[in-house]
Amino acid sequence: MPAETRGRVPWLLMYHSVAECADDPYRITVSPARLERQLRWLRDRGLRGVSAGQLLRARAAGRDGGLVGLTFDDGYADFLTTAVPLLHRYGCTATAFVLPGRLGGDNAWDELGPRKRLLDADGIRALAAAGMEVGSHGLLHTDLTKADDTTLERETAHSRTLLAQLTGTAPAGFCYPYGTLDSRAVDAVRAAGYTYACAIDPGPLTGMHALPRAHIGARDTSVRLYLKKVLHPLRRRPLPHLPAPGESALVDGVRR
């Protein structure tokens, strides 16, 4: 990887639900028409949306030019039924961070609602078969900064084991529920075997296991997307050196 790009922060976009929804107190829903306009905007500028894992592998090899990471949190069923067909239409892939402890359930953690159905086991297997990356969002959507040791292990390591059993592949990526994290949570995610983890604005914890992302919502027009793209590297801390394939990494100052 060229030295001038090593600290560059990859542009990772954070979506949640894709549906028609007038009641959206947490601003987690993007309409299908809005998502299609956003994907068209990327395409028209020579950009292509890919999963977070694919983006990071390409970045490590110095081949990430024109790639944008697309992530969808919570594992809503509408990701499979609505987002995936649009992603295919524009030649894109994405990462869905799912909750293996709430298969077929709903977003009960959102007190104000509205209730949205989550992917069940068959749905998760279907999106993997459709070429999408499956990552863990924990087991039950728990704030890891408030979890005891047993809960922390279940949310990180056990959720990874369940997804490996479900899809046949252990997930490489983790996503912190609510975007909240601390050094203890980051250490648990790393110890569980994840290659990377996504946050929102991890500040001094920024690194491969605490990657910043840009929230994308229903109001993000082409102008807002452009501004977010320009401001993203200016607002984020640079990443530490990420190794190229076959190169050992520095973790906590130690060569691994």
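Here the structure is a predicted model, which means the values were calculated and not measured.

### Description of the pairing of strand β7 (residues 133-136)
Residues of β7 alternate between two faces, with Glu133 and Gly135 on one and Val134 and Ser136 on the opposite face, all of them buried. Alignment of strand β6 (residues 95-98) against β7, held across four bridges, turns out to be parallel. Bridging from a neighbouring strand, threonine 95 pairs with glutamate 133 of β7. Note that the unit made of β6, helix α4 (residues 121-129) and β7 has a crossover that is right-handed.

### Here's the deal with the environment of leucine 181
Position of leucine 181 relative to the elements: it lies in the loop between β8 (173-175) and α6 (183-191). As for leucine 181 and phenylalanine 79, which are separated by 102 residues in sequence, their C-alpha atoms are 25 Å apart. Those residues within four positions of leucine 181 in sequence are excluded, and the remaining contacts are Thr145, Tyr176, Val186, Ala199, Pro202, Leu205 and Ala210.

### Brief notes about the confidence of the model for the protein
Summing up the model confidence of the protein, the mean pLDDT is 91 and the portion of residues at 70 or higher is 91%. When the criterion is pLDDT under 50, residues 1-5 qualifies, and its contacts beyond four places in sequence or with other chains add up to five contacts. Long-range and interchain partners of residues 243-256, a stretch whose pLDDT sits below 50, account for 16 contacts in this model, where long-range means more than four residues apart.

### Some words on the nonpolar core
The biggest cluster of nonpolar side chains holds 33 residues, and the ones touching the most others in it are Leu39, Leu70, Phe72, Phe79 and Leu87. Every element with two or more residues in this core is listed here: β1 (12-15), α1 (32-44), β5 (67-73), α3 (77-89), β6, α4 and α5 (149-167). Broken down by element, this core gets its largest block of residues, five residues, from α3. If we skip the residues at most four places from it in the chain, phenylalanine 79 touches Phe72, Val84, Leu87, Ala94, Ala96, Leu127 and Met132.

Criteria and thresholds
- Residues numbered from 1 in each chain as written.
- Predicted model: local features only at pLDDT ≥ 70, side-chain atom pairs only at ≥ 80, totals over all residues.
- Heavy atoms only, no water.
- Buried < 20%, exposed > 50% of the residue type's maximum accessible area, 1.4 Å probe, protein only.
- Helix = DSSP H or I, 4+ residues; strand = E, 2+ residues; numbered from the N terminus.
- Pairing = 2+ DSSP bridges.
- Right-handed = clockwise from strand over helix to strand, strands pointing away.
- Contact = heavy atoms within 4.5 Å.
- pLDDT = per-residue confidence, 0-100.
- Core = buried A, V, L, I, M, F, W, Y, C linked by side-chain atoms within 4.5 Å.

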